[in-house]
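The primary structure of each chain is shown beneath.
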Amino acid sequence: MSSFNSPVPAELPERIQHYIGGEYVDSAGGATFDVLNPVTNEVYIQGAAGQKEDIDRAVVAAQRAFDEGAWANALPRERSRVLHRIADIVEERGARLAELETFDTGLPITQARSQGKRAAENFRFFADLIVAQHDDAFKVPGRQANYVNRKPIGVAGLITPWNTPFMLSSWKLAPALATGNSVVLKPAEFTPLSAGLWAGIFEEAGLPKGVFNLVNGIGEEAGDALVKHLDVPLISFTGESRTGQIIFGNAAPHLKGLSMELGGKSPAVVFEDADLEAAINATIFGVFSLNGERCTAGSRILVQRSIYDEFVERYAAQAKRVKVGLPHEPATEVGALVHPEHFEKVMSYVELGKTEGRLVAGGDRPEGLESGNFVNPTVFADVPRDARIFQEEIFGPVVAITPFDTDEEALELANDTKYGLAAYIWTNDLKRSHNFAQNVEAGMVWLNSNNVRDLRTPFGGVKASGLGHEGGYRSIDFYTDQQAVHINLGEVHNPVFGKAD
Ligand code: NAD
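Residues numbered from 1 in each chain as written. Predicted model: local features only at pLDDT ≥ 70, side-chain atom pairs only at ≥ 80, totals over all residues. Heavy atoms only, no water.

Peer 1: Just to check I follow, could you spell out the sheet that holds strand S6 (residues 144–152) for this structure?
Peer 2: Hydrogen bonding along the main chain pairs the strands of a sheet, whether they run parallel or antiparallel. On the basis of which strands lie adjacent, the open sheet formed by three strands has the order S5-S6-S20 and antiparallel pairing. Each having just a single partner strand, strand S5 (137–140) and strand S20 (480–488) make up the two edges of the open sheet. The sheet shows a mean angle of 20° between the axes of neighbouring strands, direction not considered. The pairing of S5 with S6 spans four bridges and is antiparallel. (Pairing = 2+ DSSP bridges. Helix = DSSP H or I, 4+ residues; strand = E, 2+ residues; numbered from the N terminus. Axes fitted to C-alpha atoms, helices over the stretch in contact; angles between N-to-C directions.)

Laid out in structure tokens, this is it:
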């Protein structure tokens, strides 16, 4: 039992239920799972644990709504209006949303607030994009015209992780709904609280019942059943690379459309000519924001040897000043990790790091936070490339710093992991920055910048970090079929077989 002041939000539901065909329901078999408060690790609520039969019910409801066509056949402008209303409501409920998200995930409240704003922005973006959407048309004068029919696919299965769960689900929900599909969302079992808010928001905004369905539960049960369901032709998944491999295998026999956003171990490369102050501030934020539970975290910092000692000293000093505290307190910069299992995993890497690198900050619990999933921002210097803390995703406030001498060595080190999600490059040399960006194995590169993303750009990773890119019109492409229609304008153009002599 913890003595922390971690207020349970008022007016929580009695338990977390599924939302199927416009109704809140329990699992047909009554199964439940425990949901923990990350500050105390006490069970604060039960969630309905979806099984195959619950997924079946949700897919039937989603398919029925799709076939009825009220949403799938609505004009883009009508769908766009509903999406804008969704964004309005998300903005109006920002405070409540952040309160629940912080409580459920352990994310600092200030960061949960900005995630809520981003979720609204995702809906607005696709609301606008869907009315501006144009499709290809081609003409060969006098011979042929071609145009594209863009069609929603049917029931999309959306499987999301526990880091920034509300915002991350908006990445998938907004384009899937904008394009007229029905969906079944399976949120992460560590953090089911905020996803439940979507149901009320969608109802209020006027989304027809059955278009959005939500089944809670364990990945290997509810998630697995969704992936294997014959009437779900599309799966959009965000989570660990290992889970992605399993889902890829399970979807293969059904030849499903797959989009996968997976793990990362992204490099932040700091050259000697960089603006050091800006680079330190950005690389501190890049790995310690969102508790380090961030797929695009710059968790390997590569620093040119001429500035290495100064960088390490200043970086460690600043990391020690990062404020770890209770998630709901506005001054907190790093909150509580999401779950005791994840905390154990992060702490085991911290212990390993002590044998693989030189500990220069953190490595322990913060004073005064003796229980719950708190860990001090932890910095290891002189980390060799074959160290596990250099190679493996830790997904917590832990960073590895490694020196390099030349551009070639920096590139080799940057590319020397199985992942390829993001890369951050700090230099004032124009040629170096663009050439490095070209050659680094990463789906997304930021030059002299933190992770600030224009929603029109592609999002995704290469190598073990993902499959396919979403973002902007690429998301529209993923959630639709593009049917090509060819019209003959001239002579019928083919050799005549079986011609009479
Ligand atoms: P996870 O893979 O454990 O779980 C993700 C989701 O998949 C959960 O909803 C889970 O219940 C479900 N799941 C688990 N096993 C399944 C199975 N066999 N079949 C179907 N569904 C299954 O990941 P996590 O621990 O929740 O999230 C952290 C990971 O997500 C990190 O690796 C992180 O890098 C990654 N991530 C990637 C991005 C990105 O955009 N690339 C963004 C956020 C998080």
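Peer 1: Whenever I open this one, the site of the ligand confuses me. Can you help?
Peer 2: Residues in close proximity to the ligand total 31 residues, the closest being Lys186, Glu189, Thr243, Leu262 and Glu393. Taking Lys186, its side chain carries an N or O atom lying 2.7 Å from an oxygen atom of the ligand. Here the ligand loses 94% of its free accessible area of 850 Å² to cover by the protein chains. Elements represented by at least two residues in the shell around the ligand include exactly helix H5 (165–178), helix H7 (219–228), strand S10 (234–238) and helix H8 (241–251). Top contributing element to the shell around the ligand by residue count: H7, with five residues. Class assignment of the residues belonging to the shell around the ligand gives a composition of 16 nonpolar, eight polar and seven charged. (Near = heavy atom within 4 Å. Polar contact = N/O pair within 3.5 Å; in protein donor to acceptor, adjacent residues only side chain to side chain. Areas by Shrake-Rupley, 256 points an atom, 1.4 Å probe, with all protein chains shown as cover. Nonpolar A, V, L, I, M, F, W, Y, C, P; charged D, E, K, R; others polar.)

Peer 1: Please explain the pattern of salt bridges as it appears in this structure.
Peer 2: Note on pairing: side chains with opposite charge can pair once their charged atoms come close. Applying the stated criterion across every chain yields a total of 24 salt bridges. Across the pair Arg15 and Glu14 runs a salt bridge whose closest N-O atoms are separated by 3.4 Å. When the shortest N-O distance is used, the salt bridge between Arg305 and Asp405 registers 3.0 Å. Note that Arg305 is positioned in helix H10 (residues 305–321) and Asp405 in the loop between strand S16 (398–404) and helix H13 (407–415), a separation of 100 residues in sequence. Classification of Arg305 by relative accessible area gives partly exposed; the value is 43%. (Salt bridge = Lys/Arg side-chain N within 4 Å of Asp/Glu carboxyl O. Buried < 20%, exposed > 50% of the residue type's maximum accessible area, 1.4 Å probe, protein only.)

Peer 1: Would you take a moment to explain the domain arrangement of the protein for this structure?
Peer 2: Accessible area lost during the coming together of the parts is what is often quoted as the interface size. According to the domain assignment, the protein contains domain 1 (18–262 + 461–484) and domain 2 (267–447). Between the C-alpha centres of domain 1 and domain 2 the distance comes to 31 Å. On the domain 2 side, the residues contacting the 27 residues of domain 1 number 36 residues. Carbon and sulfur atoms supply 61% of the area that domain 1 and domain 2 bury against each other, a total of about 2,500 Å² over both sides. (Domains from an automatic or database assignment. Contact = heavy atoms within 4.5 Å. Buried area = accessible area lost by both parts, 1.4 Å probe.)

Peer 1: How should the environment of Ala400 be read in this particular structure?
Peer 2: With respect to the helices and strands, Ala400 occurs in strand S16. Distance in space between the C-alpha atoms of Ala400 and Tyr19 is 43 Å, their sequence separation being 381 residues. Residues contacting Ala400, with those up to four places away along its chain left out, are Ser299, Arg300, Ile301, Phe380, Val383 and Ile389.

Peer 1: For this particular structure, what's the right way to read the environment of Gln482?
Peer 2: In this structure, Gln482 sits in strand S20. It is 53 Å that separates the C-alpha atoms of Gln482 and Ser371, two residues lying 111 residues apart in sequence. Residues in contact with Gln482, not counting those within four places in the same chain, are Val148, Asn149, Arg150 and Asp477. One polar contact links Gln482 to Arg150, side chain to side chain, over a distance of 3.5 Å. A polar contact of 3.2 Å, which involves the side chain of Gln482, links it to the side chain of Asp477.

Peer 1: Just to check I follow, could you spell out the sheet that holds S16 for this structure?
Peer 2: Pairing within the open sheet is mixed, and its seven strands lie in the order S14-S15-S16-S13-S12-S17-S18. Only two strands of the sheet have a single partner each, and these edge strands are strand S14 (358–361) and strand S18 (444–447). The mean inter-strand angle of the sheet, taken between neighbouring strand axes irrespective of direction, is 20°. Here strand S13 (residues 300–304) pairs with S16 via five bridges, running parallel.

Peer 1: What's the story with a nonpolar patch on the surface in this structure? I'm lost.
Peer 2: Together, Tyr147, Ile487 and Leu489 make up a nonpolar patch on the protein surface, roughly 240 Å² of accessible area in all. Locating Leu489 in the fold gives a position in the segment after S20. Judged by its relative accessible area of 43%, Leu489 falls in the partly exposed class. (Patch = residues over 30% accessible without salt bridge, like charges linked within 9 Å, V, L, I, M, F, W, Y side chains within 5 Å.)

Peer 1: When you look at the packing of helix H9 (residues 276–288) against H10 in this model, what are you seeing that I'm missing?
Peer 2: Helix packing for two helices is described by the angle between their axes and how far apart those axes are. Relative orientation of the contacting elements H9 and H10 amounts to 50°, with a least axis distance of 10 Å. Accordingly, the angle class assigned to the pair H9 and H10 is oblique. In terms of crossing hand, the pair formed by H9 and H10 is right-handed. Between H9 and H10, the residues in contact are Leu276, Glu277, Ile280, Asn281, Thr283, Ile284, Val287 and Phe288 and Ile307, Glu310, Phe311, Arg314, Tyr315, Gln318 and Ala319, respectively. Partitioning the contact of H9 with H10 into residue classes produces nine nonpolar, three polar and three charged. (Parallel < 35°, antiparallel > 145°, perpendicular 65-115°, else oblique. Left-handed = near helix turned anticlockwise from the far one by under 90°.)

Peer 1: I'm lost on unusual backbone geometry in this one. Help?
Peer 2: Of all residues except glycine, most have a negative phi; of all peptide bonds, most are trans. Here Asn448, not a glycine, exhibits a phi torsion of approximately 50°, which is positive. One can find Asn448 in the loop between S18 and strand S19 (466–467). Given the relative accessible area of 35%, Asn448 is considered partly exposed. Despite not being glycine, Lys463 has its phi angle at roughly 50°, a positive value. With respect to the helices, strands and loops of the structure, Lys463 is situated in the loop between S18 and S19. Lys463 gets classed as partly exposed once you look at its relative accessible area, which sits at 37%.

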